[in-house]
Amino acid sequence: MPLRSTDATWGWGSQFFHWATALTILATAFVGLTMEDVDALWYYSLHKSLGMTVLGLVVLRMLWRLVDGRPPYPAGMPAWQRLASSGAHALIYLAMLVMPISGWLYNSAARRPLDWFGVFRIPSLTALDRETQTYSILGFDAPGFIDTPQKLRALAGDVHETLFYAGAVLIALHVAAALKHHFHDRDATLARMLPGLASPAARASESPANDASPAAQPEAASTAHPTRVSEAGAASAERSPAP
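Below you will find a few notes about this structure. What you see is a predicted model; the values in this text were computed from it and never measured. Every chain begins its residue count from 1, and numbering advances along the sequence as written. For a predicted model such as this one, the threshold for reporting local features is a pLDDT of at least 70, and the threshold for listing and counting side-chain atom pairs is 80 or more; totals across whole chains, interfaces and linings nevertheless cover every residue. Values shown for side chains rest on all heavy atoms present in the structure; no hydrogens or waters enter the calculation.

### Digging into the overall build of the protein chain
Put simply, the test is: The helix count covers DSSP runs of H or I at least four residues long, the strand count covers runs of E at least two residues long, and both are numbered beginning at the N terminus. Accessibility here uses a 1.4 Å probe with only protein chains present; expressed as a share of the type maximum, an area under 20% marks a residue as buried, one over 50% as exposed, and anything in between as partly exposed. In this analysis, two residues are considered to be in contact whenever any of their non-hydrogen atoms come within 4.5 Å of each other. Each accessible area is a Shrake-Rupley result for a 1.4 Å probe, and residues are judged covered by the shown protein chains and nothing else.
Helix and strand content of the protein chain: six helices and five strands. Within the span of the protein chain, comprising 243 residues, buried residues form 30% of the whole. Taking the contacts inside the protein chain whose residues are at least 6 apart along the sequence as the reference set, 55% of them involve residues at least 24 apart. Carbon together with sulfur atoms contributes 67% to the accessible area of the protein chain, which is approximately 15600 Å² in total.

### A word on the sheet that holds strand 3 (residues 126-129)
Filter applied, for reference: The pairing criterion for strands is at least two bridges between them, as found by DSSP.
Spatially, 3-4-5 is the arrangement adopted by the three strands of the open sheet, whose pairing is antiparallel. A strand with exactly one partner marks an edge of an open sheet, and here the two such strands are strand 3 and strand 5 (140-141).

### Some thoughts on the pattern of salt bridges
The criterion, for reference: Salt bridges are identified by distance alone: a Lys or Arg side-chain nitrogen within 4 Å of an Asp or Glu carboxyl oxygen.
Summed over the entire model, instances satisfying the criterion amount to three salt bridges. For the salt bridge of Arg121 with Asp115, the shortest nitrogen-to-oxygen distance reads 2.8 Å.

### Points about the packing of aromatic side chains
Applicable threshold: Paired rings are identified among Phe, Tyr and Trp, the last through its six-membered ring, by centres lying within 6.5 Å, and are further divided according to the angle between planes into stacked (under 30 degrees), edge-to-face (over 60) and tilted (the rest). Geometrically, a lysine NZ or arginine CZ counts as sitting over a ring once it is within 6 Å of the ring centre and also within 35 degrees of the ring normal.
The full count for this structure, using the stated rule, is five aromatic pairs. With a centroid separation of 4.9 Å and 80° between ring planes, the pair formed by Trp116 and Phe117 is classed as edge-to-face. The exposure class of Phe117 is partly exposed, given its relative accessible area of 40%. Taken together, a centroid distance of 5.1 Å and an interplanar angle of 80° make the contact between Phe164 and Tyr165 edge-to-face. Lying over the aromatic face of Tyr73, Arg70 brings its terminal NZ or CZ to 4.4 Å of the ring centre.

This is how it looks when you write it as structure tokens:
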């Protein structure tokens, strides 16, 4: 498999980023949904570290796409499906970027430390000048609707939770579309991204040849050259001694 994508398949670079991001998102979602049940500081820290990993993977994946491109859509795919696919992918990327950033903002507004798996500390996105009591985000004065840590934390929390459910719907539609292409349309959309999976068209083209060869051999043996078979039988009878 090539590193770069071709017209026939995604390269292993794009496949790595796709599946690494997908698995990390699943792990992050699982930890996020069970945090209150576990209620342990290390578990909250794990959720934060996984979320920042998703953000890093998505940024690297977007940079890779700038130099890698993508295989063309399957031949015969309607224009509206291509438009829907592009729109859904854009929304998924947006959710994958904004959701961890909103969590980062929430953590910053709460003035809690953010350590990436205990390896290094990620800086806060907010700062409070104690002398002037002004609040800033990324060095800029915060607008009025989020000019206090409490307001920012409430907004970031709402965005984070809303994007979780919106992202889950988008990913479910993405998976459903991939399965529809594989089992209904029988094209190579899923096979191009899933290593080791052959497209339905490729399997169908191999199947008739393999099935036909064993059945054809007995038929060929019984029907080929009847004249020669008869001549061979007559010659054998002439050589046989008379009783």
